[in-house]
Amino acid sequence: MRLVLLGAPGSGKGTQATRLKEHLQVPHISTGDLLRAEVAAGSKLGLEAKEVMARGELVSDAILLGMLEDRFSRDDTRNGFILDGYPRNLAQADALDALLGRLKAPFDFAVQLECPTEMLVERIAGRAKAEGRADDSPDAVRKRLEVYTASTAPVIDYYRQHGQLTVVDGVGSLDEVFTRILEAIAPVKEVG
Ligand code: B4P
């Protein structure tokens, strides 16, 4: 199973990807986690990304593509993957098409988790209290939602226009949303 998870910040991508990884037995590739690991390691890339992320903006496409190519060069992606947080703009969507085309591994589904904005804000505020992530501050969250509308929503429209989008209702308990995703991807999962 090759899955791309899309959705606004707080829509539950990372949360559901963690569960899907166990269920489908494929790696979870979160570009946010990859970037946070670079920040934690204090690498040159991490230093570049840190401030951009804290402002709620997108890290450069070139950095993201390099990281992704590196991750996809590992053998564990051969049996499938859950890609979480990429693509976030149309240039990244093109880059992903090209990368997966070269690997002869097109994605089976792009699943969008849909949630009303007030719920996104509420969930992220909860995480801010619990985890204190730098980009969960009110200013950064406002910016991340603006970036989502301006840059990522067009990716969703693009996949929709090309018949590649599956929309899943992201409102409900973790179990409810998880079950909906499994139902949405069931036709592919059964055959392969
Ligand atoms: P991400 O790490 O992708 O952050 P996110 O959009 O907030 O999603 P995440 O998956 O972590 O949260 P979730 O909705 O699961 O990106 C962070 C930053 O990295 C970006 O702003 C950007 O700077 C950079 N970046 C990443 N990818 C990039 C790219 N491709 N290009 C450029 N820059 C990039 O969870 C949120 C909260 O909701 C959690 O507390 C969770 O517990 C809660 N929640 C989830 N589901 C729930 C439910 N059903 N009910 C109640 N609460 C729920």
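Calculation rules
- Residues numbered from 1 in each chain as written.
- Predicted model: local features only at pLDDT ≥ 70, side-chain atom pairs only at ≥ 80, totals over all residues.
- Heavy atoms only, no water.
- Helix = DSSP H or I, 4+ residues; strand = E, 2+ residues; numbered from the N terminus.
- Expected span 1.5 Å × (residues − 1).
- Buried < 20%, exposed > 50% of the residue type's maximum accessible area, 1.4 Å probe, protein only.
- Arc of directions from axis to C-beta.
- Contact = heavy atoms within 4.5 Å.
- UniProt positions renumbered as here; feature names shortened; annotations may be inferred.
- 1 Å grid on protein atoms, 1.4 Å probe; cavity = no way out; pocket = protein on both sides within 12 Å on 5 of 7 lines; lining within 4 Å.
- Points joined across faces, edges and corners; volume = space filled by probe spheres on them.
- Nonpolar A, V, L, I, M, F, W, Y, C, P; charged D, E, K, R; others polar.
- Polar contact = N/O pair within 3.5 Å; in protein donor to acceptor, adjacent residues only side chain to side chain.
- Pairing = 2+ DSSP bridges.
- Axes fitted to C-alpha atoms, helices over the stretch in contact; angles between N-to-C directions.
- Left-handed = near helix turned anticlockwise from the far one by under 90°.
- Salt bridge = Lys/Arg side-chain N within 4 Å of Asp/Glu carboxyl O.

The protein chain carries the name Adenylate kinase in an unreviewed UniProt entry, which gives Lysobacter dokdonensis DS-58 as its organism.

*Asks:* So, helix α4 (residues 61-72): which residues are in play, and what are the values?
*Replies:* Across its twelve residues, α4 extends 16 Å between first and last C-alpha, which sits within 8% of the 16 Å expected from 1.5 Å per residue. What α4 keeps buried is the set Ile63, Leu64, Met67, Leu68, Arg71 and Phe72. Relative to the axis of α4, the buried residues are bounded by an arc of 155° and lie together on one face. Opposite the buried face of α4, at more than 90 degrees from it, the exposed residues are Ala62 and Asp70. In this structure, the buried residues of α4 make contact with β2 (28-30), α2 (31-41), α3 (44-54), β3 (81-84) and α5 (90-102).

*Asks:* Can you tell me about the UniProt feature "binding site: AMP" (unreviewed entry) in the protein chain, naming the residues and giving the values?
*Replies:* UniProt marks Thr31, Arg36, Glu57, Leu58, Val59, Gly85, Tyr86, Pro87, Arg88, Gln92, Arg133 and Arg144 with the feature "binding site: AMP" (unreviewed entry), using the numbering shown here. Spatial dispersion of the annotated residues is evident: they stretch over 114 residues in sequence, and the largest pairwise C-alpha distance comes to 24.7 Å. Here, the largest pocket is lined by Thr31, Arg36, Glu57, Leu58, Val59, Gly85, Tyr86, Pro87, Arg88, Gln92, Arg133 and Arg144 out of the annotated residues. Examined against the element boundaries, Glu57 turns out to sit in the loop between α3 and α4. Along the chain, Leu58 falls in the loop between α3 and α4. Residue class for Leu58 comes out partly exposed when judged on its relative accessible area of 27%. Excluding residues that lie within four positions of it along the chain, Leu58 makes contacts with Val52, Arg88, Asn89, Val147 and Ser151.

*Asks:* Explain the layout of surface pockets to me, and be specific about the residues and the numbers.
*Replies:* Over the atoms, a rolling probe the size of a water molecule traces out where space has been left empty. For the largest pocket, the calculated volume is near 930 Å³. The wall of the largest pocket is formed by 46 residues, among which Lys13, Arg88, Arg127, Arg133 and Arg144 lie closest to the centre. Where the lining of the largest pocket is concerned, the elements lending two or more residues are β1 (2-7), α1 (13-24), β2, α2, α6 (117-131), α7 (138-161) and α8 (174-191). Residue composition of the lining of the largest pocket, by class: 15 nonpolar, 19 polar and twelve charged.

*Asks:* Before we move on, can you summarise the UniProt feature "binding site: ATP" (unreviewed entry) in the protein chain with the specific residues and values?
*Replies:* Per the UniProt annotation, the sites labelled "binding site: ATP" (unreviewed entry) are Gly10, Ser11, Gly12, Lys13, Gly14, Thr15, Arg127 and Gly172. Lining residues of the largest pocket drawn from the annotated list: Gly10, Ser11, Gly12, Lys13, Gly14, Thr15, Arg127 and Gly172. Relative to the helices and strands, Ser11 is located in the loop between β1 and α1. Among the polar contacts made by the side chain of Ser11, one reaches the main-chain carbonyl oxygen of Ala8 at a distance of 2.7 Å. Locating Gly12 in the fold gives a position in the loop between β1 and α1. Beyond its immediate chain neighbours, meaning those up to four positions away, Gly12 contacts Leu113 and Arg123.

*Asks:* Pulling in residues and values, what's your account of the pairing of β1?
*Replies:* Extensive coverage of β1 is indicated by the burial of five of its six residues. Two strands pair when backbone bridges link them, and β1 and strand β4 (residues 109-114) are joined in this way by five bridges, in the parallel orientation. When the bridges of β4 are listed, Leu5 appears paired with Val111.

*Asks:* Give a description of the packing of α2 against α3 that names residues and reports values.
*Replies:* It is the contact of α2 with α3, at a shortest axis distance of 7 Å, that shows an interaxial angle of 115°. Two packed elements cross with a definite hand, and for α2 against α3 that hand is left-handed. Contacts between α2 and α3 pair Gly32, Leu35, Arg36, Glu38 and Val39 from the former with Leu45, Gly46, Ala49, Lys50 and Met53 from the latter. Residues belonging to the contact of α2 with α3 are distributed by class as follows: five nonpolar, two polar and three charged.

*Asks:* Hey, could you go over the pattern of salt bridges for me, with residue numbers and the actual values?
*Replies:* Within this structure, the stated rule accounts for 15 salt bridges. With its nearest N and O atoms 3.8 Å apart, the salt bridge here joins Lys44 to Glu48. With Lys44 and Glu48 both in helix α3, this residue pair falls four residues apart, about one helical turn. On the accessibility criterion, Lys44 (66% relative accessible area) is exposed.

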